[in-house]
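Here's the letter readout for the chains.
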Amino acid sequence: MLGAIEAGGTKFVCAVGDKTGRIADSIQIPTTVPEETMAAAISFFKQYDIEAIGIGSFGPIDINHDSPTYGYITSTPKTAWTNYPFVETISQAFGVPVGFNTDVNAAALGEARLGAAKGLDSCLYITVGTGIGAGAVVNGQLLQGLSHPEMGHILLRRHPADSYQGKCPYHRDCLEGLAAGPAIEERWGAKGKDLVNSKEVWDLEGYYLAQALMQYILILSPKKIILGGGVMNQSQVFDSIYKYLPELMKDYVALPELADYIVKPGLGDQAGITGALLLAAER
């Protein structure tokens with residue numbers, strides 16, 4: 001039996017299952033303050049005899065095993081969780097090995113092993129929701145260097161008709177600041193789910209995401225791109241991306257059929273928690 005935590009900014013998903021990704025039981029817990037959320041998570045896992053736990057967490061986090069703050073959530077905008085020793089807390093509670101990575105890296109791993117990129121040795125998973133983050137699998141391994149990727153904060157060319165200042169508290173008009181859910185709501189004065197029939201909203205969203213995808217393709221050359229998160233439930237965004245990406249690439253790189261190359265998660269909303277189970281299995 002393995003444990004898994006998908007730690008999001010809004011909720012924690014905790015599950016138990018096995019190395020095949022099969023989930024036997026799960027629970028959702030609101031992300032409030034560590035004392036409350038972690039107590040509920042630990043109580044859930046105490047019901048089971050667990051051999052290892054995998055964590056896919058919101059970030060930024062420290063995944064450098066040689067760092068004195070390895071396993072911490074670091075400079076997160078969720079101030080109650082700043083410098084929180086996530087791995088140490090779980091290790092002390094259960095005394096089992098703990099796998100630790102970002103929530104999007106966990107989702108990328110799940111999609112690479114069991115989802116839309118199964119059978120491929122590279123893929124890119126991007127979540128577009130409250131924030132924008134991405135995880136990459138390269139040569140069958142999660143991409144990691146100085147730290148984990150923070151692809152949601154790349155800079156873009158602004159649309160000529162877009163005067164919105166941007167929502168990111170760090171960079172204003174980076175990708176996340178222009179295209180995440182809160183930016184959509186602030187720019188247009190309504191939540192995305194209430195703008196379903198507003199073509200200009202999703203055309204602009206696809207314009208910015210296509211720019212980002214062009215950069216990721218040129219740098220990482222992934223064999224599959226998977227777009228998840230609440231914003232991508234608006235399927236018209238895919239159509240906008242399919243329109244703008246070829247215009248940007250200008251045949252510089254030959255792309256596969258876009259509807260087969262840039263897709264929704266094969267695991268649906270289970271990509272992150274499935275990947276966290278796989279992180280536990282690796283440990």
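The residue numbers shown here count from 1 along each chain, following its written sequence. In keeping with the model being predicted, local features are shown solely for residues with a pLDDT of at least 70 and side-chain atom pairs are shown and tallied solely at 80 or more, while totals for entire chains, interfaces and linings include all residues. Calculation of side-chain values draws on the structure's entire complement of heavy atoms; hydrogens and water are dropped beforehand.

Asks: Help me understand the pattern of salt bridges, please; the structure alone is not making it clear to me.
Replies: Where charged atoms from two side chains of opposite charge approach closely, those side chains can pair. When a carboxyl oxygen of Asp or Glu is within 4 Å of a side-chain nitrogen of Lys or Arg, the pair counts as a salt bridge. For the coordinates displayed, the defined rule picks out 10 salt bridges. Note that D121 and K223 form a salt bridge whose closest N and O atoms lie 2.8 Å from each other. Here the residue D121 occupies a position in the loop between α3 (103-114) and β8 (123-128), and K223 occupies one in the loop between α6 (199-220) and β11 (225-228), the gap between them amounting to 102 residues. Close ionic contact of E185 with K191 constitutes a salt bridge, the shortest N to O distance being 3.3 Å. A single network of salt bridges, built from pairs that share partners, joins R158, D162, D173 and R187. Helix numbering and strand numbering both begin at the N terminus, where a helix is a DSSP run of H or I of at least 4 residues and a strand a DSSP run of E of at least 2.

Asks: I keep staring at the nonpolar core and nothing clicks. Help me out?
Replies: The nonpolar side chains of a soluble globular protein tend to be buried, and buried together. By nonpolar core is meant a set of buried Ala, Val, Leu, Ile, Met, Phe, Trp, Tyr and Cys residues that side-chain atoms within 4.5 Å join together. The buried label applies to any residue whose accessible area, calculated with a 1.4 Å probe on protein chains only, is under 20% of its type's maximum; exposed applies above 50%, and partly exposed to all values in between. Core analysis: the biggest nonpolar cluster contains 42 residues, and I126, L175, L213, Y216, I225, L227 and I262 have the highest contact counts within it. Looking at this core, the elements with two or more residues in it are β8, β9 (132-138), α4 (175-179), α5 (181-188), α6, β11, α7 (236-249) and α8 (258-261). Per element, the largest residue contribution to this core is 11 residues, and it comes from α6. Discounting residues that sit within four places of it in the chain, L175 has contacts with I132, M151, G152, I154, L156, A180, Y208, L209, A212 and Y216. One finds I5, F44, I63 and V98 within the second-largest nonpolar core, a separate group that totals 27 residues. Residue contacts are defined here by distance: any two heavy atoms, one from each residue, within 4.5 Å place the two residues in contact.

Asks: Honestly, the pairing of strand β3 (residues 23-30) in this entry has me stumped. Any pointers?
Replies: A regular strand carries its side chains on alternate faces of the sheet. Only strands joined by at least two bridges in the DSSP assignment are considered to pair. Relative to β3, strand β2 (residues 11-17) runs antiparallel, the two sharing 7 bridges. From the neighbouring strand, C14 faces β3, where its bridge partner is I27. Hairpin connection, β2 to β3: the antiparallel pair is bridged by 5 residues, and G21 has positive phi, about 90°.

Asks: Help me out: how do you make sense of helix α1 (residues 34-45) in this one?
Replies: The periodicity of an α-helix, 3.6 residues per turn, causes residues three or four positions apart to be oriented the same way. Taking 1.5 Å of rise per residue, 12 residues should cover 16 Å, and α1 covers 16 Å from first to last C-alpha, within 8% of that figure. Inspection of α1 places P34, T37, M38, A41, I42, F44 and F45 among the buried residues, and these make up the whole buried set. Viewed end-on, α1 has its buried residues packed into an arc of 155°, placing them on one side of the element. Along α1, exposed side chains directed more than 90 degrees from the buried face belong to E35 and E36. Of the surrounding elements, those touching the buried residues of α1 are β1 (2-7), β2, β3, β6 (84-85) and α2 (86-94). The span one expects for a helix is its residue count, reduced by one, times 1.5 Å. Relevant arc is that of directions from the helix axis to the C-beta atoms, nothing else.

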